[in-house]
Amino acid sequence: MCAETRSAAPSASLYIHVPFCRSKCGYCAFYSQPLREGMLDAYLTVLLDEIALWAERLGRLNVPTVFFGGGTPSLLPPDHLDSILDALRQRFDLAPDAEITLEANPESATLDFLSAARHLGVNRLSLGVQSFRDEELALLGRPHTARQAWEAATNARGAGFGNLGLDLIWGLPAQREGQWLESLRRAVELSPEHLSCYGLSLEPGTPLAEAPEDLRQLPPERELARMYVHTGELLEDAGYLQYEISNYARLGQACRHNQLCWDGRDYLGLGPAATSTLGHLRHTNPESLRAWTELVRTRQIGLHQRETLTPETRAKERLMLALRTTKGLDLAEYRALSGVNLLTSHKAIIQALRQKELIRINQGRLRLTRTGMLVSNSIIRALGFE
Ligand code: SF4
């Protein structure tokens, strides 16, 4: 039993990492591996043990949201998904209106699978489309076509999903603004409730980052800036509200799971590579199926290499996460957390950022403007880490 953890976390969101994909995309730095026979059954057995172990430690957690991420959770057979959801409902108190999200990839988002997932209680689908242009999908090493992505979104509606999110990537090598906006407009035609639009970053060690220079040459800064600003404008015109640097949603349809994490609430991560933050303790499961299995088997999962979050670390994280959202940072709350009054401690930099229209302060909150979001990392560093 872990009384220390139990008393700190009566309520937490759940993240379940499904570490399998049909093949590895060229830009991907997430922990996932190509699926081979027998892997899913072995994974399910260990995951159910991990759920049981955490229920012993934490008691009946109140769970407002569950998020199946990956990897490719749509590779789970429906009976595996059923077993996992059943275990969660038996061991924890899932809120009656719990948001249950599943990430899906077009090539495995069949009408049969999605209907089964919807029937089992999944009520939000996040579809990894990335682009509606086949040549871009090929460049990214995605195992599906634009047409399959369109069909998967249609399948989601056919299966009864009223809360559909599409994930897209912009700023691809050699991409022009018009090409990106063409994909974005196609996405909007599908009327999803939610859109995530991430700028491509070349992660060291990925095949794309190590491709010949002409294949990995990102668009120039000015083109990237135009893409970002015009993304926001196009989506606002189409009725979407930006609620985070890369996320847009119809009114009331923002992803609750992500919002809770960005608000600094507790979350329990299950599966290899999943991170948990419970009170002032944080741990990350090993990025290895074998090591994760061994730690669950020996009941050591989450107890080894735990990090204790100091009040200072928590305050910095609060600032970093809050400034990524359009709600911004509550200055009084930050002062209570950190003992720092940003308005006086960083007076000169705040004045300069306001003059350049990179930040706004009103009603006690500090927010980044859209132009500020383009250089968010520098602003966050200047306000929280210098
Ligand atoms: S589908 Fe997603 S998790 Fe899997 S390899 Fe591609 S980017 Fe990575």
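Note on numbering: residues in each chain are counted from 1, in written sequence order. Per-residue local features of the predicted model are confined to residues with pLDDT of at least 70, and side-chain atom pairs are confined, for both listing and counting, to 80 or more; whole-chain, interface and lining totals are unaffected and use all residues.

Engineer: I tried to follow the sheet that holds strand S15 (residues 329-330) on my own but got confused; where do I start?
Structural biologist: The strands that make up a sheet pair up through hydrogen bonds in the backbone, lying either parallel or antiparallel. The 3 strands are arranged S15-S17-S16 in an open sheet whose pairing can be described as antiparallel. Because the sheet does not close on itself, it has two edges, and the strands there are S15 and strand S16 (359-362). The pairing of S15 with strand S17 (residues 365-368) spans 2 bridges and is classified as antiparallel. Its bridge partner lying in S17, Asp330 is registered against Arg365. At least two DSSP bridges between two strands are required for those strands to pair. Starting at the N terminus, helices and strands are each numbered in turn, a helix being any DSSP run of H or I of at least four residues and a strand any DSSP run of E of at least two.

Engineer: It is not clear to me how the domain arrangement of the chain should be interpreted in this structure. Could you clarify?
Structural biologist: When the parts of a complex come together, some accessible area is lost, and that lost area is often used as the size of the interface. According to the domain assignment, the chain consists of domain 1 (3-262) and domain 2 (311-384). Note on contacts: each residue gets a C-beta atom placed from the backbone, and two residues are in contact if those atoms are within 7 Å. At the junction of the two partners, domain 1 supplies 9 residues and domain 2 supplies 8 residues. Going through the elements one at a time, helix H9 (221-237) and strand S9 (241-244) are the ones with two or more residues in the side of domain 1 that touches domain 2. In this count, Pro and Cys sit with the nonpolar residues alongside Ala, Val, Leu, Ile, Met, Phe, Trp and Tyr, while Asp, Glu, Lys and Arg are called charged and the others, Gly among them, polar. A per-class count over the side of domain 1 that touches domain 2 returns 6 nonpolar, 2 polar and 1 charged. Just so you know, the domain bounds were taken from an automatic or database domain assignment.

Engineer: Help me understand the environment of Arg367 in this model?
Structural biologist: As for its placement among the helices and strands, Arg367 is situated in strand S17. Sequence separation between Arg367 and Gly328 is 39 residues; the distance between their C-alpha atoms is 4.4 Å. If sequence neighbours within four positions are ignored, Arg367 has contacts with Thr326, Gly328, Ile359 and Arg360.

Engineer: I keep staring at the site of the ligand and nothing clicks. Help me out?
Structural biologist: Only the C-beta atom, placed from the backbone, is used; a residue is near a molecule or strand if that atom lies within 6 Å of it. Lining the immediate surroundings of the ligand are Cys21, Lys24, Cys25, Cys28, Phe30, Ser32, Gly70, Gly71, Thr72, Asn105 and Gly128. Residues of the shell around the ligand, tallied by class, amount to 4 nonpolar, 6 polar and 1 charged.

Engineer: Is there a simple way to think about unusual backbone geometry in this case?
Structural biologist: For residues besides glycine, phi is generally negative; the peptide bonds are generally trans as well. Here Gly70 and Gly71 are connected by a cis peptide whose omega angle stands at 20°. Within the element layout of this structure, Gly71 appears in the loop between strand S4 (62-70) and helix H3 (78-91). The phi torsion at Gln130 lies on the positive side, around 70°, for a residue other than glycine. Along the chain, Gln130 falls in strand S6 (residues 124-130). Within the chain, Gln305 stands out as a residue other than glycine whose phi angle is a positive 50°. Residue position: Gln305 is located in the loop between helix H11 (289-297) and strand S14 (307-308).

Engineer: What is the right way to read the packing of helix H2 (residues 39-58) against H11 from this model?
Structural biologist: Helix-helix packing is described using two parameters, namely the angle between the two axes and the distance between the axes. At their nearest, the axes of H2 and H11 sit 10 Å apart, and the two run at 40° to each other. Between H2 and H11, the angle is such that the two are oblique. Here the hand of the crossing between H2 and H11 comes out left-handed. Judged by residue contacts, Val46, Asp49, Glu50 and Leu53 of H2 engage Trp292, Thr293 and Val296 from H11. Split by residue class, the contact of H2 with H11 holds 4 nonpolar, 1 polar and 2 charged. Axes here mean lines fitted to C-alpha atoms, for a helix over just the part in contact, with angles spanning 0 to 180 degrees between N-to-C directions. In what follows, roughly perpendicular refers to angles from 65 to 115 degrees, roughly parallel to angles under 35, roughly antiparallel to angles over 145, and oblique to any angle outside these ranges. Here a crossing is taken to be left-handed if its near helix is turned anticlockwise relative to the far helix by less than a right angle, and right-handed if that turn runs clockwise.

Engineer: Where do I start with the confidence of the model for the chain in this structure?
Structural biologist: Atomic detail in the predicted coordinates should be set aside for any region of low pLDDT. Here the chain averages 95 in pLDDT, while 97% of its residues score no lower than 70. Contacts of residues 1-9 to residues separated by more than four positions or lying in other chains number 19 contacts, the stretch itself having pLDDT below 50. Known as pLDDT, the predictor's per-residue confidence is scaled from 0 to 100.

Engineer: I keep staring at H3 and nothing clicks. Help me out?
Structural biologist: An α-helical segment advances 3.6 residues per turn. Residues three or four places apart therefore align on the same side. Counted at 1.5 Å a residue, the expected span for H3 with its 14 residues is 20 Å, and the 20 Å between its end C-alpha atoms agrees. Labels follow a simple rule on C-beta atoms placed from the backbone: if 20 or more others lie within 10 Å of a residue's own, it is buried; if 12 or fewer, it is exposed; otherwise it is partly exposed. All of the buried residues along H3 are Leu81, Ile84, Leu88 and Arg91. End-on, the buried residues of H3 take up no more than an arc of 115°, which puts them together on one face. In H3, those exposed residues whose orientation departs by more than 90 degrees from the buried face are Asp79 and Gln90. Summarising the contacts, the buried residues of H3 are in contact with strand S1 (13-18), H2, S4, strand S5 (93-104) and helix H4 (111-119). The span expected for a helix works out to 1.5 Å for each residue beyond the first. Directions drawn from the helix axis to the C-beta atoms are what define this arc.

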